[in-house]
Amino acid sequence: QLIPQHPVINGAVTLRVTGITEEIVSFTWFKGPNTNSQYVILTYIPGSRDPIVPDYLYNPRITAFSNGSLQIKDLQITDGGNYTVKMQTVITSRDIFVYLTVYETVTKPKITGPTTQPKENDTVTLTCDTSKATTIRWTRRGAHISSEAKLSGDNKTLTLRALKRADSGEYRCEAENLVSKESSDPYKVSVAYGPDKAQIQGEFLVGLGSSITLTCSADSEPDPEYQWRFNGKALAQKASKYVGNAETKDQGLYMCVMRNPVTLRTATVSVYVNVSADTISEEYSHVGLALGLASAIILGVVLIIVESFCLYKKF
């Protein structure tokens, strides 16, 4: 009986002998296809201080016990193979066989791919690099993997076909065998798309002396690059928001040009901004009211003087 049943490299295993009810006189362990002398590991006589070990097969990692069991520490792959113990009791002699397999743990998997930011409608293949795995599984955090995805026969590669925006997310692969299980670090896929649905928001009728504020936006991954134009002339602003003065000369056609640095697609949107003296701020309205009242008073005084002069001439 192997304890544990699935021993691992660098670990320990006990080849435990059970079912022997008679007194043991001696036992000999062999490793090899048969019990010829060249395959002897050791011979042990209960009551003896040390087992009898052939010089050429001495292994300090091996320990024998009086019940016939054998322990091997710091297991190596080369320790695997056929083992036989020849038990001699006071009544009979028997041979007991066992096959030892030393298992290796899976290596921590790592996902590799051509890019972490493929384009919409492209096809991308992710590879799970690992060894000693008997089973490989793919997962995506918080969502199912697309039904368009295709796995290779050994599950080591995952091919995402006709990529959609919804395929973005963190992917992992899990590797497992009889004795171990490991998971990869997350591999983030961001599907590049756009810019789509471009628009400009803001006030398109502004008062003379106030400010023009326009905000350009679109559906895009990653964020697009921005370029503003006024009446066809490029402006210095390179951000999504344009802020400028509202003078008569600032009335005209404002255009926002967006370019996605990954998809290389562009989108443009334009608005016409009117700058009007009739659309004035509260501050300017107070000034205008004061000026109007002053003009009315002056005009009234002039009329009174004229009328007085006319009356004087008449009389």
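Conventions used here
Residues numbered from 1 in each chain as written. Predicted model: local features only at pLDDT ≥ 70, side-chain atom pairs only at ≥ 80, totals over all residues. Heavy atoms only, no water. Helix = DSSP H or I, 4+ residues; strand = E, 2+ residues; numbered from the N terminus. Contact = heavy atoms within 4.5 Å. Core = buried A, V, L, I, M, F, W, Y, C linked by side-chain atoms within 4.5 Å. Buried < 20%, exposed > 50% of the residue type's maximum accessible area, 1.4 Å probe, protein only.

You'll find the protein chain entered in an unreviewed UniProt entry as Ig-like domain-containing protein, with Eleutherodactylus coqui given as the organism.

K.L.:
Explain the side chain of Ser69 to me, please; I cannot follow it from the model alone.
P.N.:
With respect to the helices, strands and loops of the structure, Ser69 is situated in the loop between strand S5 (62-64) and strand S6 (70-72). With sequence-adjacent residues up to four places away left out, Ser69 is seen in contact with Thr14, Leu15, Arg16, Val17, Trp29, Thr63 and Ala64.

K.L.:
I keep staring at unusual backbone geometry and nothing clicks. Help me out?
P.N.:
Phi is mostly negative for residues that are not glycine, and the peptide bonds are mostly trans. Of note, the amide linkage connecting Gly194 to Pro195 takes the cis form, showing an omega dihedral of 5°. One can find Pro195 in strand S17 (residues 193-202). Residues Glu221 and Pro222 are joined by a peptide bond in cis, for which omega reads -5°. With respect to the helices and strands, the residue Pro222 is situated in the loop between strand S19 (211-221) and strand S20 (225-230). For Ala162, which is not glycine, the phi dihedral falls at a positive 45°. Within the fold, Ala162 resides in the loop between strand S13 (157-160) and strand S14 (169-176).

K.L.:
Teacher, can you tell me more about the nonpolar core here?
P.N.:
Proteins that are soluble and globular tend to have nonpolar side chains buried together. With 21 residues, the main nonpolar core has Leu15, Phe27, Trp29, Leu42, Leu70, Ile72 and Leu100 as its most contacted residues. Sorting the residues of this core by element identifies strand S2 (13-15), strand S3 (24-31), strand S4 (40-44), S5, S6 and strand S7 (81-89) as the ones contributing at least two each. Tyr226, Tyr254, Val269 and Val273 belong to the second-largest nonpolar core, a separate cluster that totals 18 residues.

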